[in-house]
Amino acid sequence: MSGVQPEKSTGRQGKAVCALLLATSMFALLCPAPLHAQETELRGEVSESAILSDQQRKARQLALARPGQQAPANAVQDAQADTYLPASAGAVPDDTDSNDASASGSIFDPPQSSDDTSADTSTPPKPRRRPSTAGQADRDKTKAGSKTSDKSTDKSKKKKKTTSTDTTASTTVSTTDAADTTDTGEETANRRARTIDSADKQKLDPGAERTDAIEGQKKKPEDDPFAAPGVKWGSFVIRPTIEQGLTATSNGDSSSAGKSALLSETALRFSATSDWRENSAVIDGYGLFRETVSGYPVHNAQGRIEGQYNVDLDNELRAIAKLGYEAVPESASSPDAIAGVSTQPLRQTVDGSLAVEKAVGKMQYTLTGAVAHDFYGNAKLSDGTSLSQKDQDNTLYTATLRTGYEISPALTPFTEIEVGRRTYDQRIDNEGFERSSTRLGARAGLQLDMGEKLSGEFSAGWLREAIDDKSLEPISGATVNAALKWSPERGTTIGLTGSTTVETTTTAGESGDILYSGRLTGERQIRANLTGNAALGLDWRNYVGIDGHDRILSAEAGLTWWLNRYAGLTSKVRTEKLTSNLPGRDYTANSIYLGVKVQQ
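Residues numbered from 1 in each chain as written. Predicted model: local features only at pLDDT ≥ 70, side-chain atom pairs only at ≥ 80, totals over all residues. Heavy atoms only, no water.

A. Fine view of the overall build of the protein. Across its full length, the protein carries seven helices and 22 strands. Every one of the 600 residues in the protein was classed for burial, and the buried ones make up 28%. As displayed, the protein offers around 37,900 Å² of accessible surface, 56% of which is attributable to carbon and sulfur atoms. (Helix = DSSP H or I, 4+ residues; strand = E, 2+ residues; numbered from the N terminus. Buried < 20%, exposed > 50% of the residue type's maximum accessible area, 1.4 Å probe, protein only. Areas by Shrake-Rupley, 256 points an atom, 1.4 Å probe, with all protein chains shown as cover.)

B. Examining the pattern of salt bridges more closely. For the structure shown, the criterion picks out 27 salt bridges. With a closest N to O distance of 3.0 Å, Glu418 and Arg443 form a salt bridge. Separated by 25 residues along the polypeptide, Glu418 in strand β13 (residues 411-424) and Arg443 in strand β14 (residues 437-449) bring together distant segments of the chain. Both residues of the pair, Glu418 and Arg443, count as buried. Residue Asp550 is joined to Arg541 by a salt bridge in which the shortest nitrogen-to-oxygen separation is 3.2 Å. (Salt bridge = Lys/Arg side-chain N within 4 Å of Asp/Glu carboxyl O.)

C. Quick peek at unusual backbone geometry. A positive phi angle is found at Ser254, which is not glycine, with a value near 50°. The phi angle at Asn315 is positive, at roughly 55°, despite the residue not being glycine. Relative to the helices and strands, Asn315 is located in the loop between β5 (299-312) and β6 (317-329).

D. Layout of helix α3 (residues 48-65). When the terminal C-alpha atoms of α3 are compared, their 26 Å separation across 18 residues agrees well with the 26 Å that a helix rising 1.5 Å per residue should span. Of all the positions in α3, only Ser49, Ala50, Leu52, Asp54, Gln55, Gln56, Arg57, Lys58, Ala59, Gln61 and Ala65 are classed as buried. (Expected span 1.5 Å × (residues − 1).)

E. The arrangement of the pairing of strand β3 (residues 261-274) in detail. When strand β2 (residues 236-249) meets β3, the two strands line up antiparallel, connected through 14 bridges. The partner of Phe236 across the bridge, within β3, is Ser274. As paired elements, β3 and strand β4 (residues 280-295) share 13 bridges and run antiparallel to each other. The residue bridging Glu265 from the neighbouring strand is Arg290, located in β4. With antiparallel pairing between neighbouring strands as the criterion, β3 and β4 make up a hairpin whose turn holds five residues. (Pairing = 2+ DSSP bridges.)

See the structure below:
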């Protein structure tokens, strides 16, 4: 009997099984991608340990592929995932094949999918847990051993190479060799080339670093910004100075008969210093010219030039040579001045010396030989005639031995012994006296060397000069000599000089005299361009053969104001007074000077 048969329970169960199988298949197609993403941890941060594990897995695959072995099944399954291709054209190189990733797998590759839902799909790998700390430590130990393989794998990862999809062992080996060759070429090509001069490059000297510009550096201030700069001439530095001014004086020639006058004064000075490496030389000179502008007639010219040469010899020997020339008219206040003349005779002196110094331990020895020759010109009388002074020409020869002991670098006491002979060109003078003489002297003193604070020396002793003519009394007496400089503070200098001089004469019945001269000076730099100076002087002349003496007191003060480094204004006030127990010798002279000074 025909009709609809009732549905059996067996049919219903079959349909339910089919529906369940279909749902399971669809779920299986959708699950691999999330599971693969969870495994590779693409939902969050990718750890360095995961990257290192992936690189090691690929290194093992390459190592198995080189000898021609087939990779394990699970490795092949991992390597079958297709590489993700972007939809936009040109995002990947043209020569890149979509199947070039078959030989290697990465955690960054998406899971393999197929359009055929009925096709067998490889079961995705089981999700892996995040590596533990212990496992990470083990992998860190093997990191050094696999450094070379990691580097090669990393380079192949950065640049995709064209490989064949053939999975045979021979093709895999060829592809690997080509990849190694390419990596080597890329590494060589990307290496920075060395510069041509890299082999010659050396570390800079500590003092050769680049410095700031000269204009930006702070210049050290000069000790004396208005000092003469000097002129370079050969191996010498010359500093010339010229001074021109007017002097108003109450005594034109500083004599008992002198009267007031207005004088024009011109002074020329120069100093030349050598610029040698070892030895040294110094040349100094001056010239002074005085002419009357109005008042008492005065015509005066004098000058001096001297040089010193220092030579360092072997065996701690040092030689000092000096040579000088001076031309000075006889002073109207001199004991040998001739009364009633219009012009006093000109006295010229040529002197020279040679000293040799030797230091033996703390002992210091100096032997000095000196020669000085004086010759006189004629005196012009008021009536126009001249009077010869040839009988005063004489030459003095002296030899001095100095011995010192250095107590400290600052103090050196010394003793000196001097012997000499004075000879006259005219053995018997116009008055019939034989005036040649023999000299003998001794001194003791102290040499100081405390730098700029205090330096110089002073000594005291006795000197005797016996004249050959027995009718004339010998010239003898105590001697005092000094040359000291003291600087109590910066910019202030105090000086003390003293000397003892034997003056000869041709006056009948007289032997001569001893002149003691002392001078105290002070200089103060008030400002950089303003300097003040002052001086006090005392001279004492003691005549031999007669009961007579002269005393000369002097004082002066001056200012120099520099307009610039080369020119300045100078002024000076001076007073001088001579008092004598001999008739016709007293005088007083007061003067004021104002001038302009130019230096180079």
